[in-house]
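# A look at the structure
Residues per chain, in single letters:
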Amino acid sequence: MPTLEPSFFMRPAVVVAPALLGVTLLINGVGGIIVETEAYAPNDPASHSFRGPTPRNQAMFGPPGHAYVYRIYGMHWCLNFVCDSGHAVLIRALQPTTGIEIMAERRGTIVTKQLCSGPGKLAQALGVTKALDGAPLCAPNAHLVPTDEPISASTGPRIGLSKAIEVPWRFGLMGSPFLSRPFPKS
């Protein structure tokens, strides 16, 4: 199975984030098509890397093509892909395609659109925990399969931030019903 190489991530997050749309993400054989991402950079006050390395964000300063996993609100894990140093892409939503029954059991719902329509839901459905933090995305348990299909992306402001909320670094697969939230109409 073809997979994205670490060199794919050796770029700024704002370049990688839209390029991930349409890529299939599988963790332990469960996952789907990436339909929504957000970019974060070290000069971005909304980024965990803005104040430099800490024990929590250490993975963001590690090698590109690795996972950065953190907990929000004390209860939800979030999965990010490390790009250039201090850059990361938050994986916000997937279109579930593989292991739907497992995802439904983990999430406690059979509504396919609700399985991975937000970063916390996605992490729960895929079984992502802190154990994945710093792990390579090309490891035997993780696969990123590129797409050959042409992609049309929507762009807009990121969600759930208190800083740099106007920055249009949220990207979504145009017309996807699996987004965490619709994009504003232009």
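The structure under discussion appears in the preceding block.
Before going into details, it helps to say that this report is about the structure given with it. (Residues numbered from 1 in each chain as written. Predicted model: local features only at pLDDT ≥ 70, side-chain atom pairs only at ≥ 80, totals over all residues. Heavy atoms only, no water.)

## Remarks on the overall build of the protein
- When helices and strands are tallied, the protein shows four helices and eight strands.
- Its helices and strands taken in sequence order, the protein reads α-β-β-β-β-β-α-α-α-β-β-β from the N to the C terminus.
- Computed over its C-alpha atoms, the radius of gyration of the protein comes to 15 Å, within 12% of the 16 Å expected for a compact globule of 186 residues.
- Along the first, second and third principal axes, the C-alpha set of the protein runs to 40 × 40 × 35 Å.
- For the protein, with 186 residues in total, the buried portion stands at 50%. (Helix = DSSP H or I, 4+ residues; strand = E, 2+ residues; numbered from the N terminus. Rg over C-alpha atoms; globule rule 2.2 N^0.38 Å. Buried < 20%, exposed > 50% of the residue type's maximum accessible area, 1.4 Å probe, protein only.)

## A look at the side chain of N57
- For N57, the position within the fold is in the loop between β2 (30-40) and β3 (67-72).
- Judged by relative accessible area, which is 1%, N57 ranks as buried.
- At 2.9 Å, the side chain of N57 and the backbone oxygen of G52 are in polar contact.
- In this structure the side chain of N57 is engaged in a polar contact, spanning 2.6 Å, whose partner is the backbone nitrogen of T54.
- In contact with N57, other than residues within four places in its own chain, are H48, S49, G52 and Y68. (Polar contact = N/O pair within 3.5 Å; in protein donor to acceptor, adjacent residues only side chain to side chain. Contact = heavy atoms within 4.5 Å.)

## Looking at the nonpolar core
- If you look at the biggest cluster of nonpolar residues, it comprises 43 residues, and the most contacted ones within it are F9, L20, L25, L79 and F81.
- Apart from residues no more than four positions distant in its own chain, F81 is found in contact with F9, L20, L25, I34, H66, H87, A88, V89, I91, L137 and L144.
- Within the second largest apolar cluster, 12 residues are counted, among which are A59, Y70, V82 and L90. (Core = buried A, V, L, I, M, F, W, Y, C linked by side-chain atoms within 4.5 Å.)

## Overview of the environment of S180
- For S180, the location among the structural elements is in the segment after β8 (170-173).
- Along the sequence, S180 and C116 sit 64 residues apart, while their C-alpha atoms lie 8.0 Å from each other.
- Dropping the residues within four chain positions of it, S180 is found in contact with E36, R92, A93, S117, G118, I159 and R170.
- Within the local environment of S180, its side chain forms a polar contact with the side chain of R92, the two groups lying 3.0 Å apart.

## Here's the deal with the packing of helix α2 (residues 100-107) against helix α4 (residues 119-126)
- At their nearest, the axes of α2 and α4 sit 7 Å apart, and the two run at 115° to each other. Once α2 is placed against α4, the crossing between them reads as right-handed. Facing M103, R106 and R107 of α2, the residues of α4 in contact are K121, Q124, A125 and L126.
- Class assignment for the residues of the contact of α2 with α4 results in three nonpolar, one polar and three charged. (Axes fitted to C-alpha atoms, helices over the stretch in contact; angles between N-to-C directions. Left-handed = near helix turned anticlockwise from the far one by under 90°. Nonpolar A, V, L, I, M, F, W, Y, C, P; charged D, E, K, R; others polar.)

## Looking at the packing of aromatic side chains
- Taken as a whole, this structure holds three aromatic pairs when the rule is applied.
- Pairing Y68 with Y70 gives two aromatic rings, centres 5.2 Å apart and planes at 35°, and the pair type is tilted.
- Since its relative accessible area comes to 9%, Y70 is described here as buried.
- Through a chain of ring-to-ring contacts, three or more aromatic side chains come together here, namely F8, F9 and F81.
- The lysine or arginine in question, R11, covers the ring of F8, its NZ or CZ lying 4.7 Å from the ring centre. (Phe/Tyr/Trp six-rings, centres within 6.5 Å; stacked < 30°, edge-to-face > 60°. Lys NZ or Arg CZ within 6 Å of the ring centre and 35° of its normal.)

## Considerations on the pairing of strand β7 (residues 153-156)
- A one-sided burial pattern is seen for β7, the buried positions being S154 and G156 and the unburied ones A153 and T155.
- Pairing of β7 with β8, which is carried by four bridges, proceeds in the antiparallel orientation. Within β8, the position partnered with S154 by the bridge is G172. (Pairing = 2+ DSSP bridges.)

## A closer look at the pattern of salt bridges
- Counting across every chain of the model gives five salt bridges.
- A salt bridge links R158 to D44; its shortest N-O distance comes to 2.5 Å. Residue R158 is located in the loop between β7 and β8, and its partner D44 is located in the loop between β2 and β3; the two are separated by 114 residues in the primary sequence.
- Since its relative accessible area comes to 5%, R158 is described here as buried.
- Salt bridges sharing partners connect three or more residues here, namely E36, E38, R92 and R170. (Salt bridge = Lys/Arg side-chain N within 4 Å of Asp/Glu carboxyl O.)

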